[in-house]
Amino acid sequence: LGVGHSGGFSNLIVPGSGEPNYDTMVANPYETRGQRREQEVAQLMDKLPAAMIQLESDAVGKVRAVPKEVQQERRETAVSAQLAATKGERDVNADKSRMKGKNRVSKRYRKKQQNVVDDKKLRAKIKAGDVKKKAAAAMVAGERGP
């Protein structure tokens, strides 16, 4: 707020005298508490489908009882579905339990050692090959012989 006086011009700060910054997203920024409640009720009523709005206030909290036969049938289907689901889980877990111990340290070490070629393995392989050749030669000689 600006004020002119005999000494010149001065600025005064007066609460509430500045330009108001209204919340433009609100329909009525000056609405009272009662108006706000009424507006909320109206908005909720607009959201509800017309079939759900009833004049009987007692009917809102009531639940329709389902016949016992239907309840029993629903219970049986739920139990059978649960049994089928647990059977599937058991099958999956059985496959997992069969694999127990496959990743042990000793097995990993043995697998790595299968690929290592050293003198001892090489000699054993050559010796096994020689034995097979001799056996095959003896077999051929035995067929030709007499």
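Residues numbered from 1 in each chain as written. Predicted model: local features only at pLDDT ≥ 70, side-chain atom pairs only at ≥ 80, totals over all residues. Heavy atoms only, no water.

On to the overall build of the protein chain. A count of helical and extended segments in the protein chain gives four helices and two strands. Along the protein chain, helices (α) and strands (β) appear in the sequence β-β-α-α-α-α when read from the amino end. The 146 residues of the protein chain split such that 0% are buried. (Helix = DSSP H or I, 4+ residues; strand = E, 2+ residues; numbered from the N terminus. Buried < 20%, exposed > 50% of the residue type's maximum accessible area, 1.4 Å probe, protein only.)

The next subject is the pairing of strand 1 (residues 2–5). Looking at chain direction, strand 1 and strand 2 (residues 8–11) are connected through four bridges and run antiparallel. Within the sheet, the bridge partner assigned to G4 lies in strand 2 and is F9. The turn linking strand 1 back onto strand 2 is made up of two residues. (Pairing = 2+ DSSP bridges.)

What follows covers a nonpolar patch on the surface. A surface patch of nonpolar side chains, amounting to about 450 Å² of accessible area, comprises V41, M45, L48, M52 and I53. Its location among the elements puts L48 in the loop between helix 1 (33–47) and helix 2 (68–98). (Patch = residues over 30% accessible without salt bridge, like charges linked within 9 Å, V, L, I, M, F, W, Y side chains within 5 Å. Areas by Shrake-Rupley, 256 points an atom, 1.4 Å probe, with all protein chains shown as cover. Salt bridge = Lys/Arg side-chain N within 4 Å of Asp/Glu carboxyl O.)

Moving on: the confidence of the model for the protein chain. Caution applies to low-pLDDT regions: their predicted coordinates should not be interpreted in detail. Of all residues in the protein chain, 88% attain a pLDDT of 70 or more, and the chain-wide mean is 81. Confidence, expressed as mean pLDDT per element, reaches its minimum in the protein chain at helix 3 (residues 105–114) with 79 and its maximum at helix 1 with 90. (pLDDT = per-residue confidence, 0-100.)

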